[in-house]
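As a plain string of letters, each chain reads:
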Amino acid sequence: MSAPEQWKLKKTVVLVGMMGAGKTAVGKALAADLGVPFLDSDAEIERAAAMSIAEIFARDGEAFFRDRETEVIDRLLEGEHGILSTGGGAFLAERNRKLISDKGVSVWLKADLQLLWNRVKHKNTRPLLRTVDPYTTLREIYEARVPIYGMADLSVEARPEYSIEAMAEKVREALAGRADVLEMVK
């Protein structure tokens, strides 16, 4: 991995993709590699509300949550440039895609269905998968979302053999091809 002082990030990088794609883990590794802050929109929403996302959904509904999510993403894109991990549903909203396109750059961590399933099947931290048939639920979500994630500015394929660090390096390599986003400092 490169030393942090070798890179200058010119825009916030917004990681998008399915649950289990590695947005948080890869985001943290990439932020450390580039020497920039790591931000998590879901964590910021929970901190601001002093409750979990599940509690926000239960108390105020999804529409309320999605409005707060857009506000938080907008605020985080206005701050210091860094790596922003978003919830799996954030990029589905056209208003969020526009904000991200106007103020940052989106990177889809493109993991196939089997890889996602292998990563999430033993976790009970995914409320959307608390169904009678979680694999079918995941497949339906995946099939509905892939065309929208495909609108991201860049996509980086996640592979089972990639470590978190290797995946972060693949994302950095993709970003290095965009002079408007990432610049090597001599």
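## Section: the overall build of the protein chain
Next up, step 1: Summing up its helical and strand segments, the protein chain has seven helices and seven strands in all.
Next up, step 2: Mapped in sequence order, the helices and strands of the protein chain form the string β-β-α-β-α-α-β-α-β-α-α-β-α-β.
Next up, step 3: Against the 2.2 N^0.38 benchmark of 16 Å for 186 residues, the protein chain shows a C-alpha radius of gyration of 16 Å, consistent with a compact globule.
Next up, step 4: Taken over 186 residues, the protein chain has a buried fraction of 45%.

## Notes on the packing of helix α1 (residues 23-34) against helix α7 (residues 164-176)
Next up, step 1: α7 packs onto α1 with a crossing angle of 65 degrees between their chain directions and a minimal axis gap of 8 Å. Regarding α1 and α7, the two cross each other, and that crossing is right-handed. Here α1 contributes A25, V26, A29, L30, D33 and L34 to the contact with α7, which in turn contributes I164, M167, A168, V171, R172 and L175.
Next up, step 2: Split by residue class, the contact of α1 with α7 holds ten nonpolar, no polar and two charged.

## A closer look at the sheet that holds strand β2 (residues 12-16)
Next up, step 1: Pairing in this open sheet of five strands is parallel, and the strands run β3-β4-β2-β5-β6 from one edge to the other. The strands lining the two open edges of the sheet, one partner per strand, are β3 (38-40) and β6 (154-157). Recorded for the sheet is a direction-independent mean angle of 25 degrees between the axes of neighbouring strands.
Next up, step 2: Of the strand pairs in this sheet, strand β5 (residues 104-110) and β6 are connected by four bridges, and their pairing is parallel.

## Notes on the nonpolar core
Here is a general trend for soluble globular proteins: nonpolar side chains tend to be buried in one another's company.
Next up, step 1: Of all hydrophobic cores here, the largest spans 56 residues; its most connected members are V13, I83, V107, L109, L138, V171 and L175.
Next up, step 2: When residues of this core are assigned to their parent elements, the largest contribution, seven residues, is made by helix α3 (residues 53-78).
Next up, step 3: Excluding residues within four positions of it along the chain, L175 makes contact with V13, L30, V105, V107, L154, V181 and L182.

## Thoughts on the packing of aromatic side chains
Next up, step 1: In total, this model carries three aromatic pairs according to the counting rule given.
Next up, step 2: Ring centres 5.3 Å apart and planes at 85 degrees place the aromatic pair W117 and Y135 in the edge-to-face group. Note that W117 is positioned in helix α5 (residues 113-120) and Y135 in helix α6 (residues 134-149), a separation of 18 residues in sequence.
Next up, step 3: Classification of Y135 as partly exposed rests on a relative accessible area of 28%.

## Things to note about the pairing of β5
Next up, step 1: For β5, the tally of buried residues reaches six of seven residues, placing the bulk of the element in the interior.
Next up, step 2: Bridge analysis of β2 against β5 gives five bridges, and the strand direction is parallel. When the bridges of β5 are listed, T12 appears paired with G104.

## Observations concerning the pattern of salt bridges
Next up, step 1: Counting across every chain of the model gives 18 salt bridges.
Next up, step 2: Residue D67 pairs with R95 through a salt bridge whose shortest N-O separation is 2.9 Å. Placement of D67 in helix α3 and of R95 in helix α4 (residues 94-103) is noted, with a sequence separation of 28 residues between them.
Next up, step 3: Residue R95 is classed as partly exposed on the basis of its relative accessible area, which comes to 39%.
Next up, step 4: With a closest N to O distance of 2.8 Å, R159 and E161 form a salt bridge.

## Quick word on the packing of helix α2 (residues 41-49) against α3
Next up, step 1: For the pair α2 and α3, the least separation of the axes is 9 Å and the interaxial angle reads 115 degrees. Between α2 and α3 lies a crossing whose hand is right-handed. Where α2 approaches α3, its residues S41, D42, E44, I45, E46 and A49 are matched on the opposing element by I53, I56, F65, E69, V72, I73, R75 and L76.
Next up, step 2: The class makeup of the residues in the contact of α2 with α3 is eight nonpolar, one polar and five charged.

The rules behind the values
- Residues numbered from 1 in each chain as written.
- Predicted model: local features only at pLDDT ≥ 70, side-chain atom pairs only at ≥ 80, totals over all residues.
- Heavy atoms only, no water.
- Helix = DSSP H or I, 4+ residues; strand = E, 2+ residues; numbered from the N terminus.
- Rg over C-alpha atoms; globule rule 2.2 N^0.38 Å.
- Buried < 20%, exposed > 50% of the residue type's maximum accessible area, 1.4 Å probe, protein only.
- Axes fitted to C-alpha atoms, helices over the stretch in contact; angles between N-to-C directions.
- Left-handed = near helix turned anticlockwise from the far one by under 90°.
- Contact = heavy atoms within 4.5 Å.
- Nonpolar A, V, L, I, M, F, W, Y, C, P; charged D, E, K, R; others polar.
- Pairing = 2+ DSSP bridges.
- Core = buried A, V, L, I, M, F, W, Y, C linked by side-chain atoms within 4.5 Å.
- Phe/Tyr/Trp six-rings, centres within 6.5 Å; stacked < 30°, edge-to-face > 60°.
- Salt bridge = Lys/Arg side-chain N within 4 Å of Asp/Glu carboxyl O.

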